[in-house]
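Coordinate analysis (summary)
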Amino acid sequence: MRVLSGMRPTGKLHLGHYFGVIKNWVSLQDKHETLFFVADWHALTTAYKKTSELQENIKEVMLDWVALGLDPKKSILFIQSKVKEHAELFLLFSMITPKSWLEWNPTYKDMKYNLLKISDMEIQFRGGMRDLVKEFISKIPYKVEDFEALEELILDEVSESFVKAVFDGYLESEMLKELNVSKRDFYDTDTYGFLGYPVLQAVDILIYKANAVPVGEDQLPHIELTREIARRFNYLYGDTFPEPEALLTETPKLVGIDGRKMSKSYNNAIYFADSKNEVEQKVMRFFTDPQKLRKGDPGRPEICPVFMYHKLFTQDEKVLEIERDCRSGKLGCVECKRIMFEGLEKVLEPIREKRENLRKDMKHLEDIFDEGSEKARNIASKTLEEVREKMNLK
Ligand code: TRP
């Protein structure tokens, strides 16, 4: 079975990426023929105005992938834009894909709604930001130990994604009213390329005749569309492409330091590129049970983000002890976080070290992806020859 998946290069990876995606990819390497690629052209479907960070983001992803155990001896690791064959097949698929398939794609509709044109707005609205941030933090169902530090952090790093998060939620309509603008003004994605996103994804998959595609649930409509394009091609020009299956993995939702889903947009992520010191600071800022105000107060591990981390990173016997001592009040949050930090560092440290070593020899890392791209091109060009022939293009 041939397994393929891709990821847009949105920057360095965090723990959530590992538990949600990469861990699964790493284990698939031993059981199947695997191809994993950085979908840099896909990144352009939304971030086409800001390409200045694209190369840096690709490098970060390459570093993280290899540091986390994707192995060029087992998998073909490549960069989408280095295999130009994707572009040719994209053109050909766009000829046979009914426009309505794309317009009805739920991801398209959602994304269009969600991706607000924030960068232009950020400036306009920094003024009202502090109040928003205050209100935002006050709604978070966990105890914020250092309210002001968090507020400053958010304000300092106020990123388009944070604003997006605000917009995604209940504040949206008020904000829009206040800014006196229509949603329409915010769309950045009214482009031909964005509409064609799933066609390009279908290309990524079908050009390698992949049988299985490990993805999250949000990607299911794309896989379905890939199957439809394969069927249509096969019907029009003769059997060529297998219909790929989605390999849905249960992704244990990893929370960030504020107890919400870990995400770059929420400014709550722990990155593999973070230094030990940065990780420590983040761990110390972790939200805990809001009812446990001081050591001695009984805590509720079942709702505590720190405890979720203990379950992943602390030795089993110790976890039971922590659970008991938190409930009784014997264990304070600061001490509890210390223990969690130690366990977390046991996992992060070797990865960080590997990442740093890889960074010292970027040429070597680039060679890995160049060689992977070459191998990918070999497969892709064969498919294209077949496609050209079937379509009477030669
Ligand atoms: N759309 C995917 C995502 O956002 C990335 C992607 C691009 C992909 N091409 C792919 C995933 C092909 C699987 C197969 O996560």
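For the structure itself, consult the block above.
Before going into details, it helps to say that this report is about the structure given with it. What you see is a predicted model, and the numbers here were worked out from it, not measured in a lab.

Thoughts on the overall build of the protein
What the protein contains, in helices and strands, is 19 helices and five strands. Out of the 394 residues in the protein, the part that is buried amounts to 52%. Partitioning the contacts of the protein with sequence separation of at least 6, the portion at a separation of at least 24 is 78%. Accessible area of the protein: about 19,300 Å², with a carbon and sulfur share of 51%.

Observations regarding the pairing of strand β1 (residues 2-7)
Most of β1 is tucked away: five of the six residues are buried. The pairing of β1 with strand β2 (residues 33-38) spans six bridges and is classified as parallel. Note on β2: the bridge partner recorded for Arg2 is Glu33. Each parallel crossover has a hand, and the one from β1 via helix α1 (residues 15-28) to β2 is right-handed.

Let's talk about helix α15 (residues 276-285)
Of the positions making up α15, those classed as buried are Val279, Lys282 and Val283. Buried positions in α15, seen along its axis, are confined to an arc of 100° and lie on one side of it. Considering only its buried residues, α15 is in contact with α18 (333-360).

What about the site of the ligand?
Neighbouring the ligand are 14 residues, the closest being Arg8, Tyr197, Gln201, Asp204 and Gln219. The separation between a nitrogen atom of the ligand and a polar side-chain atom of Tyr197 is 2.7 Å. With respect to the ligand, the side chain of Gln219 contributes an N or O atom lying 2.9 Å from a nitrogen atom. Listing elements by their share of the shell around the ligand, those giving two or more residues are β1, α13 (197-206) and β4 (212-215). Tallied by class, residues from the shell around the ligand come to seven nonpolar, five polar and two charged.

Comments concerning the environment of Gln219
With respect to the element layout, Gln219 can be found in the loop between β4 and α14 (220-237). When its relative accessible area of 16% is taken as the criterion, Gln219 is described as buried. Note: C-alpha distance between Gln219 and Pro198 (21 residues apart in sequence) is 9.6 Å. Here Asp218 takes part through its side chain, which lies 3.1 Å from a polar atom of the side chain of Gln219.

Observations concerning the side chain of Asn234
Its place among the elements puts Asn234 in helix α14. Separated by 3.4 Å, the side chains of Asn234 and Asp239 make a polar contact. Looking at Asn234, its side chain comes within polar contact range of the main-chain nitrogen of Thr240, at 2.9 Å. With sequence-adjacent residues up to four places away left out, Asn234 is seen in contact with Asp239, Thr240 and Phe241.

Some points on the nonpolar core
Leu15, Ile22, Trp65, Ile270, Tyr309 and Phe369 are the most contacted members of the largest nonpolar core, which has 54 residues in total. Both domains that furnish three or more residues to this core are identified here as domain 1 (2-100 + 193-254 + 362-390) and domain 3 (274-359). Aside from chain neighbours lying at most four places away, what touches Tyr309 is Leu15, Leu254, Val255, Gly256, Met262, Ile270, Phe286, Thr314 and Met340. Listed in part, the 35 residues of the second largest apolar core include Ala39, Leu92, Ala210 and Val387.

What to know about empty space enclosed by the protein
Counted according to the given criterion, the structure contains three cavities of 30 Å³ or more. Here the largest cavity is characterised by a volume of approximately 100 Å³. Taken together, 13 residues line the largest cavity, and the ones lying closest to its centre are Lys292, Cys304, Cys326, Cys333 and Cys336. Contributing elements (two or more residues each) for the lining of the largest cavity: α16 (305-313) and α18. Partitioning the lining of the largest cavity into residue classes produces seven nonpolar, three polar and three charged.

Notes on the pattern of salt bridges
Scanning all chains against the criterion turns up 28 salt bridges. One salt bridge connects Asp370 with Lys82, and the closest N-O pair in it is separated by 2.8 Å. Taken together, the residues span a long stretch of sequence, with Asp370 in helix α19 (residues 362-390) and Lys82 in the loop between β3 (75-79) and α4 (85-96) at a distance of 288 residues. With a relative accessible area of 37%, Lys82 lands in the partly exposed category. Close ionic contact of Glu386 with Lys209 constitutes a salt bridge, the shortest N to O distance being 2.7 Å. Highlighted residues: Glu386 in helix α19 and Lys209 in the loop between α13 and β4, separated in sequence by 177 residues. Residues joined by salt bridges that share partners form a network here, namely Glu224, Arg227, Arg231, Glu243 and Glu245.

Cut-off values and rules
Residues numbered from 1 in each chain as written. Predicted model: local features only at pLDDT ≥ 70, side-chain atom pairs only at ≥ 80, totals over all residues. Heavy atoms only, no water. Helix = DSSP H or I, 4+ residues; strand = E, 2+ residues; numbered from the N terminus. Buried < 20%, exposed > 50% of the residue type's maximum accessible area, 1.4 Å probe, protein only. Contact = heavy atoms within 4.5 Å. Areas by Shrake-Rupley, 256 points an atom, 1.4 Å probe, with all protein chains shown as cover. Pairing = 2+ DSSP bridges. Right-handed = clockwise from strand over helix to strand, strands pointing away. Arc of directions from axis to C-beta. Near = heavy atom within 4 Å. Polar contact = N/O pair within 3.5 Å; in protein donor to acceptor, adjacent residues only side chain to side chain. Nonpolar A, V, L, I, M, F, W, Y, C, P; charged D, E, K, R; others polar. Core = buried A, V, L, I, M, F, W, Y, C linked by side-chain atoms within 4.5 Å. Domains from an automatic or database assignment. 1 Å grid on protein atoms, 1.4 Å probe; cavity = no way out; pocket = protein on both sides within 12 Å on 5 of 7 lines; lining within 4 Å. Points joined across faces, edges and corners; volume = space filled by probe spheres on them. Salt bridge = Lys/Arg side-chain N within 4 Å of Asp/Glu carboxyl O.

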